[in-house]
Amino acid sequence: MTPPGSEDPLSPEALAERKMQFLFHLRSKGVTDSRVLTAMEKIDRGAFVRGIFAERAYEDMPLPIACGQTISQPSIVGLMTQALDVQPRHKVLEIGTGSGYQAAILSQLARRVYTIDRFRTLVREARKLFETLDLTNITTITADGSFGLPEQAPFDRIILTAAAEDPPSPLMRQLRVGGVMILPVGQSDTLQSLIRVTRHEDGYDYDELRTVRFVPLLEGLGNE
Ligand code: SAH
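Every value quoted in this text rests on a predicted model; they were computed, and no experiment measured them.

Calculation rules
- Residues numbered from 1 in each chain as written.
- Predicted model: local features only at pLDDT ≥ 70, side-chain atom pairs only at ≥ 80, totals over all residues.
- Heavy atoms only, no water.
- Phe/Tyr/Trp six-rings, centres within 6.5 Å; stacked < 30°, edge-to-face > 60°.
- Lys NZ or Arg CZ within 6 Å of the ring centre and 35° of its normal.
- Helix = DSSP H or I, 4+ residues; strand = E, 2+ residues; numbered from the N terminus.
- Buried < 20%, exposed > 50% of the residue type's maximum accessible area, 1.4 Å probe, protein only.
- Polar contact = N/O pair within 3.5 Å; in protein donor to acceptor, adjacent residues only side chain to side chain.
- Contact = heavy atoms within 4.5 Å.
- Core = buried A, V, L, I, M, F, W, Y, C linked by side-chain atoms within 4.5 Å.
- Near = heavy atom within 4 Å.
- Areas by Shrake-Rupley, 256 points an atom, 1.4 Å probe, with all protein chains shown as cover.
- Nonpolar A, V, L, I, M, F, W, Y, C, P; charged D, E, K, R; others polar.
- Pairing = 2+ DSSP bridges.
- Axes fitted to C-alpha atoms, helices over the stretch in contact; angles between N-to-C directions.

**Structural notes on the packing of aromatic side chains**
Applying the stated criterion to the full structure yields three aromatic pairs. In this structure, Lys91 packs its charged tip against the face of Phe155, placed 5.6 Å from the ring centre. When the ring centre of Phe119 is taken as origin, the NZ or CZ atom of Arg118, which lies over that ring, is 5.2 Å away.

Below, the structure is given as structure tokens:
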């Protein structure tokens, strides 16, 4: 019997067609930066989704992952990555590893990526995947990411993939002068604003980019 979610393997032509449509759709949603598109072409979202949802990995929707969390919608991953404007020498911090998909894309663009999640199960699974995919410039950490990673600060770029009520002040402090942080802000269960925080010598600038919907940034470690 065929286990649920497994299908006949697609032909190379069908795979290429699916990838082309995925990239075409990302472009139509405003992901136009060629480095971001190349990274998203290389990192197969199918590797980050398990079980019955795996066959929907190339659709532009969030999907359930372990620990009651979600892998974000690919067009939002693309737009957030584009807004982050990652350069090859950058050290990047991500809060909210989840499946590891966003971190894997960042790993193609940055020198080093640190990614933190409050669920040790998610961190363990993501770490295994990064090893399998030979993504050697990602460091995974289980912790409450609201406190950032002071021992590796300052960061050129910081991205949160869980919604905070306000930008956490430790993360603001750990952003390099000239650095950029992208995060959803707002109450959970309502539409949130995706904002960009830019640090200057004498303060911070805030831009609102669009509305989004993310799981909330929670305190402390998860129980799985
Ligand atoms: N970037 C992920 C999607 C993240 S879903 C991906 O590409 O798949 C949001 C994640 O944020 C969840 O895994 C959740 O456990 C995590 N999270 C929520 N609050 C957190 C906190 N305070 N510290 C670290 N991770 C947190």
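So, next bit.
**Notes on the side chain of Thr140**
By the element assignment, Thr140 lies in strand S5 (residues 138–142). Note on Thr140: relative accessible area 11%, which makes it buried. A distance of 2.7 Å separates the side chain of Thr140 from the side chain of Arg127, its partner in a polar contact. The residues contacting Thr140, other than those within four sequence positions of it, are Thr115, Val123, Arg127 and Phe130.

**Let's talk about the nonpolar core**
Judged by nonpolar contacts, the single largest core of 46 residues is most densely connected at Phe48, Leu84, Tyr101 and Phe130. Elements with a contribution of two residues or more to this core: helix H1 (12–28), helix H2 (34–42), helix H3 (74–84), helix H4 (101–107), helix H5 (120–132) and strand S7 (175–185). If you tally residues by element for this core, the top one is H3, at six residues. Aside from chain neighbours lying at most four places away, what touches Tyr101 is Phe22, Met40, Ile43, Arg45, Phe48, Ile71 and Val77. Counting 18 residues, the second-largest nonpolar core is a separate cluster that includes Leu149, Phe155, Met172 and Ile195.

**Structural notes on the site of the ligand**
Near the ligand there are 28 residues, and of these Ser99, Asp117, Asp144, Gly145 and Leu218 occur at the shortest range. Contact distances for the ligand include 2.6 Å between an oxygen atom and a side-chain N or O atom of Ser99. Contact with the protein chains hides 99% of the accessible area of the ligand, taken as 580 Å² for the molecule alone. Elements that contribute at least two residues to the shell around the ligand include exactly strand S2 (70–71), strand S3 (91–95), H4 and strand S4 (112–117). Residue composition of the shell around the ligand, by class: twelve nonpolar, twelve polar and four charged.

**What about H3?**
Residue pairs three or four apart in sequence face the same way in an α-helix, which turns once every 3.6 residues. Counting buried positions over the eleven residues of H3 gives ten, a clear majority of the element. Those residues of H3 that sit buried are Pro74, Ser75, Ile76, Val77, Gly78, Leu79, Met80, Thr81, Ala83 and Leu84. Just downstream of H3 lies Asp85, where phi reads positive at about 50°.

**Considering the sheet that holds S7**
Overall, mixed pairing links the seven strands, which are arranged S5-S4-S3-S6-S7-S8-S9 in an open sheet. Either end of the sheet is taken by a strand with one partner, and the two such strands are S5 and strand S9 (203–212). In this sheet, neighbouring strand axes are inclined to one another by 15° on average, regardless of whether the strands run parallel or antiparallel. Note that S4 and S5 share five bridges and pair parallel. Pairing of Thr115 across the sheet is with Thr140, part of S5. Contacts between H5 and the sheet are confined to S4 and S5, with S5 contributing the most and set at about 165° to the helix.

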